[in-house]
Amino acid sequence: MAPGLRSNCTRCGTVLRVSRVDPLNRHLALTFAAMVLFVVVWEGMLMKVSAVGIVRETILESGPRELVARGLWPIAIAVAFTTAYAPLGKFLATLYVLIGLKLRHPPPRIRDAFLLSRRLNTWCMLEVLLLGVFVAYTKLGDLVTIELGPAVYALGVLTVVWVWAEVAFDPHAAWEEIERRGLTHAPMPADPPLAWRPGAMGCEGCGLVCVPAETDGHCPRCGSMVHERKPNSVSRTWALVLAAVVLYIPANVYPVLTVIQLGAGEPSTIMGGVEELLDSGMYPLAALVFFASIMVPLFKLLGLGSMLTATQLGRPGAGASILIHERTVLYHVVAWIGRWSMVDIFMESLLGALVQFGRAVTIEPGVGALAFCAVVFITIFAAETFDPRLMWDAAGRNPHRAPASRPDGAALAPSASAS
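About the cut-offs
Residues numbered from 1 in each chain as written. Predicted model: local features only at pLDDT ≥ 70, side-chain atom pairs only at ≥ 80, totals over all residues. Heavy atoms only, no water. Helix = DSSP H or I, 4+ residues; strand = E, 2+ residues; numbered from the N terminus. Buried < 20%, exposed > 50% of the residue type's maximum accessible area, 1.4 Å probe, protein only. Contact = heavy atoms within 4.5 Å. Areas by Shrake-Rupley, 256 points an atom, 1.4 Å probe, with all protein chains shown as cover. Core = buried A, V, L, I, M, F, W, Y, C linked by side-chain atoms within 4.5 Å. Pairing = 2+ DSSP bridges. Axes fitted to C-alpha atoms, helices over the stretch in contact; angles between N-to-C directions. Phe/Tyr/Trp six-rings, centres within 6.5 Å; stacked < 30°, edge-to-face > 60°. Expected span 1.5 Å × (residues − 1). Salt bridge = Lys/Arg side-chain N within 4 Å of Asp/Glu carboxyl O. Patch = residues over 30% accessible without salt bridge, like charges linked within 9 Å, V, L, I, M, F, W, Y side chains within 5 Å. pLDDT = per-residue confidence, 0-100. Parallel < 35°, antiparallel > 145°, perpendicular 65-115°, else oblique. Left-handed = near helix turned anticlockwise from the far one by under 90°. Nonpolar A, V, L, I, M, F, W, Y, C, P; charged D, E, K, R; others polar.

A. Highlighting the overall build of the protein. A tally of helices and strands in the protein yields 14 helices and 10 strands. Each of the 419 residues in the protein was classed as buried or not, and the buried ones make up 51%. Residue pairs in contact within the protein that sit at least 24 positions apart in sequence constitute 74% of those at least 6 positions apart. A total accessible area of about 19200 Å² is found for the protein, and carbon and sulfur atoms account for 64% of it.

B. Quick peek at the environment of R6. Along the polypeptide, R6 turns up in strand β1 (residues 6-8). You can call R6 exposed: its relative accessible area is 53%. Linking R6 and L16, residues 10 residues apart in sequence, is a C-alpha distance of 7.7 Å. Contacts of R6, omitting those with residues within four sequence positions, involve M1, V15, R17 and V18.

C. Spotlight on the nonpolar core. By size, the foremost hydrophobic cluster in this structure holds 97 residues, and its most contacted members are F91, L126, L158, M342 and I345. When residues in this core are grouped by element, the largest group, 10 residues, is from helix α3 (residues 73-100). Ignoring any residue separated from it by four or fewer positions in sequence, one finds I345 in contact with I75, V79, A369, F372 and C373. Counting residues in hydrophobic clusters, the runner-up holds 16 residues, among them A244, I378, A382 and F386.

D. Molecular detail of the sheet that holds strand β5 (residues 145-148). On the basis of which strands lie adjacent, the open sheet formed by 3 strands has the order β4-β3-β5 and antiparallel pairing. This sheet does not close on itself; its edge strands, each paired only once, are β4 (54-58) and β5. Each neighbouring strand pair of the sheet contributes to a mean axis angle of 15 degrees, computed without reference to strand direction. Sheet analysis places strand β3 (residues 47-51) next to β4, joined by 5 bridges and oriented antiparallel. Residue pairing in the sheet places S50 in a bridge with V55 of β4.

E. Structural context of the environment of Y153. Position of Y153 among the secondary structure elements: in helix α6 (residues 150-167). On the accessibility criterion, Y153 (53% relative accessible area) is exposed. Residues Y153 and V40, 113 residues apart in the sequence, show an inter-C-alpha distance of 9.5 Å.

F. Region of the structure containing the packing of aromatic side chains. The full count for this structure, using the stated rule, is 9 aromatic pairs. Summarising the aromatic geometry, the rings of F81 and W123 are spaced 6.4 Å apart at their centres and angled 55 degrees between planes, so their arrangement reads as tilted. With a gap of 42 residues between them, F81 in helix α3 and W123 in the loop between α4 (110-119) and α5 (126-140) connect regions that are remote in the sequence. Look at F81 and you get partly exposed, because its relative accessible area is 29%. The buried category is assigned to W123, whose relative accessible area is 12%. Among the aromatic side chains, those forming a connected cluster through ring pairs are F81, W123, F377 and F381.

G. Just the pairing of strand β2 (residues 15-18), in detail. Note that β1 and β2 share 3 bridges and pair antiparallel. Bridging from a neighbouring strand, N8 pairs with V15 of β2. In sequence, β1 turns back onto β2 through a hairpin of 6 residues, with G13 there showing a positive phi of about 85 degrees.

H. Seen up close, helix α8 (residues 233-253). End to end, α8 covers 31 Å across 21 residues, agreeing with the expected 30 Å (1.5 Å per residue, within 8%). Listed as buried for α8 are S233, V234, T237, V241, A244, Y248 and A251. Where α8 is buried, its residues touch α9 (270-279), α10 (283-313), α13 (368-385) and α14 (389-394).

I. Looking closely at the pattern of salt bridges. For the coordinates displayed, the defined rule picks out 13 salt bridges. With its nearest N and O atoms 2.9 Å apart, the salt bridge here joins E66 to R70. Given a relative accessible area of 19%, E66 falls into the buried group. Across the pair R109 and D112 runs a salt bridge whose closest N-O atoms are separated by 2.6 Å.

J. Highlighting a nonpolar patch on the surface. Together, M271, F290, F291, M295, L298 and L302 line one region of the surface with nonpolar side chains, adding up to about 510 Å² of accessible area. Take the nonpolar patch: its biggest share by element is 5 residues, from α10. Looking at the secondary structure, you find F290 in helix α10.

K. Up close: unusual backbone geometry. With phi around 50 degrees, D22 is a residue other than glycine that occupies positive phi space. Here D22 is to be found in the loop between β2 and α1 (23-43). Residue D216 is not a glycine yet carries a positive backbone phi of 60 degrees.

L. Main features of the confidence of the model for the protein. For the protein, the mean per-residue pLDDT works out to 85, and 89% of the residues sit at or above 70. Low pLDDT, under 50, characterises residues 403-419; the stretch is placed with 53 contacts to residues that sit more than four places away or in other chains.

M. Structural context of the packing of α5 against α10. Where α5 contacts α10, the axes come no closer than 11 Å and their chain directions differ by 135 degrees. Relative to α10, the element α5 lies oblique. Our pair here, α5 against α10, has a crossing hand that is left-handed. In this structure, α5 uses L131, V135, T138 and K139 to contact α10, whose residues at the interface are L285, L288 and V289. Each residue belonging to the contact of α5 with α10 can be placed in one class, and the counts come to 5 nonpolar, 1 polar and 1 charged.

Next comes the structure, spelled out in structure tokens:
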């Protein structure tokens, strides 16, 4: 594909590839800039707060530390992973790949590093962290005096640079360069097949359409195990959805935050926090918290439940074909939107670290936050586990495949990968 072109699936409309002008060099420059800003974000002062003559300066690392001190170490791990370790791993792996491809003798295992960098995309939540900082800053306005530090401004610039880097990048160009340099898992065919062959499948790792039977079940380019459909997709997704439904109840019943002023305070649930914001006249912020913390998880659970039900119970020409294009779009929305529910967790992490002024005013995260964080992670895993191609199998839109009597795809005959 020439630069500046877009390729879409002719059946469901999903974007397959967007080619860019000089994608590797641009992505390298922007990733290097993002790495520098990332160091400033984690090492610079985040906020300075003061109350009753006491001044506290915090960095971003203070939030996870405070959570560990209060026994909420699972939330601390989640916050540290999504805001520190996952972005750091992505930036370092990307730099390793793009710099390595410029060397005469590339370093080893470039394909594995690039595969890792792409898979970490789901868990890099710096843009959600920026929104969490904004929410925390707004909520603290009535309690303490706040001064923003350089880390906040660096985080804003980092978010813009990172989004720019992803928009300017074409991952397929990097895979093609890895092929050209002979750094693939197995030898690639001299001429790529332009027609479907029996046994051909789409690699979930790099997108290559290949015949894994010819390479011991692995993708010849990236080395990932290739499956015609994600193994046990329906049963695994149902298990995760039901687990999230169970945890969604304590997440909304138990307190997620307690504000203690002058020795008195009441625990607050997610809905209670929304009501407090409404009482304070912060209507846009109340709408944001209500949407991200209550509606988004519920929307994901209902969306995944409807897709699973149509896949299992629908039949070709009947229920399985109803709104199938719209359900495909719904899947991509569900897979993308779930990360934004972490804004409430990031906010509570920041508030717990910033507001510790003894009996004057203290903010403590509650156990409801633990259940809510689990709901967010489980729904992300559920969206990753579900295979939207099964909806097209159930609707009978893949005539080259055996009848979809097994929605998980475990016992179906080999065929080409559908959209």
